[in-house]
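# Fold and geometry: a report
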Amino acid sequence: MTARSLQALYVVVKRANHLREGLRLVVDVSHARVEPAAMEQLQACSDSHHLPAAIDPMQSECRLSIVAPADAFDADAFDADAFDAGAGADAGAPVGAGTPGRIRAGSRSAARARAAVRAREALGLAA
């Protein structure tokens, strides 16, 4: 995840945050490659309880927790342009609990499917 691709995540978080008042959102990037600048931005949102003003001009409270990657980030090995083009997605990452199979790397619709499954699980909704 780069600082540029993070903007799309913020839009999803904003939509999820407006589903129900007082919702606590967890963004699990523990198995993702996250650019240090993007991780700093996520942590700042978590600390401030607000999304960037460009994403949420109303500055609604957003209770956001971040599950950070355990590994150190190797900035020299990260190709941000290739990642933003869809080549850096998790290859073979599990879709979600109870969902069979794996998603091919680089598929934007696959990423949306994984995000939808995680959002439903977080909200306790049926898949």
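For the structure itself, look to the data block above.
The following refers to the structure shown. (Residues numbered from 1 in each chain as written. Predicted model: local features only at pLDDT ≥ 70, side-chain atom pairs only at ≥ 80, totals over all residues. Heavy atoms only, no water.)

In terms of helices and strands, the protein carries four helices and two strands. Its helices and strands in sequence order give the protein the pattern α-β-α-β-α-α, from N to C terminus. Burial statistics for the protein: of 127 residues in total, 29% are counted as buried. Of the contacts formed within the protein by residues at least 6 apart in sequence, a portion of 62% connects residues at least 24 apart. (Helix = DSSP H or I, 4+ residues; strand = E, 2+ residues; numbered from the N terminus. Buried < 20%, exposed > 50% of the residue type's maximum accessible area, 1.4 Å probe, protein only. Contact = heavy atoms within 4.5 Å.)

Okay, the nonpolar core next. Ranked by internal contacts, the top residues of the largest apolar core, which has 19 residues, are Met1, Tyr10, Val13, Leu25, Val29, Leu64 and Ile66. Listed by contribution, the elements that provide at least two residues to this core are α1 (6-17), β1 (24-28), α2 (36-48) and β2 (63-67). Leave out the neighbours within four places in its chain, and Ile66 touches Val27, Val29, Met39, Leu42, Gln43 and Ser46. (Core = buried A, V, L, I, M, F, W, Y, C linked by side-chain atoms within 4.5 Å.)

Residues three or four positions apart in an α-helix share a direction because the helix packs 3.6 residues into each turn. With twelve residues, α1 ought to run about 16 Å at 1.5 Å a step, and its terminal C-alpha atoms sit 16 Å apart, in line with that. When α1 is considered as a whole, its buried residues turn out to be Leu6, Tyr10, Val13, Ala16 and Asn17. Buried residues of α1, seen end-on, are gathered within an arc of 125° and therefore sit on one face of the element. For α1, the exposed residues set more than 90 degrees away from the buried face come down to Ala8 and Arg15. Packed against the buried residues of α1 are β1, α2 and β2. (Expected span 1.5 Å × (residues − 1). Arc of directions from axis to C-beta.)

Positionally, Asp56 belongs in the loop between α2 and β2. Given a relative accessible area of 2%, Asp56 falls into the buried group. Between the C-alpha atoms of Asp56 and Val11, which are 45 residues apart in sequence, the distance is 8.6 Å. Each residue touching Asp56, except ones within four places of it in the same chain, is listed here: Lys14, His18 and Leu51. Engagement of the side chain of Asp56 in a polar contact is seen with the backbone nitrogen of Ser60, the distance being 3.0 Å. (Polar contact = N/O pair within 3.5 Å; in protein donor to acceptor, adjacent residues only side chain to side chain.)

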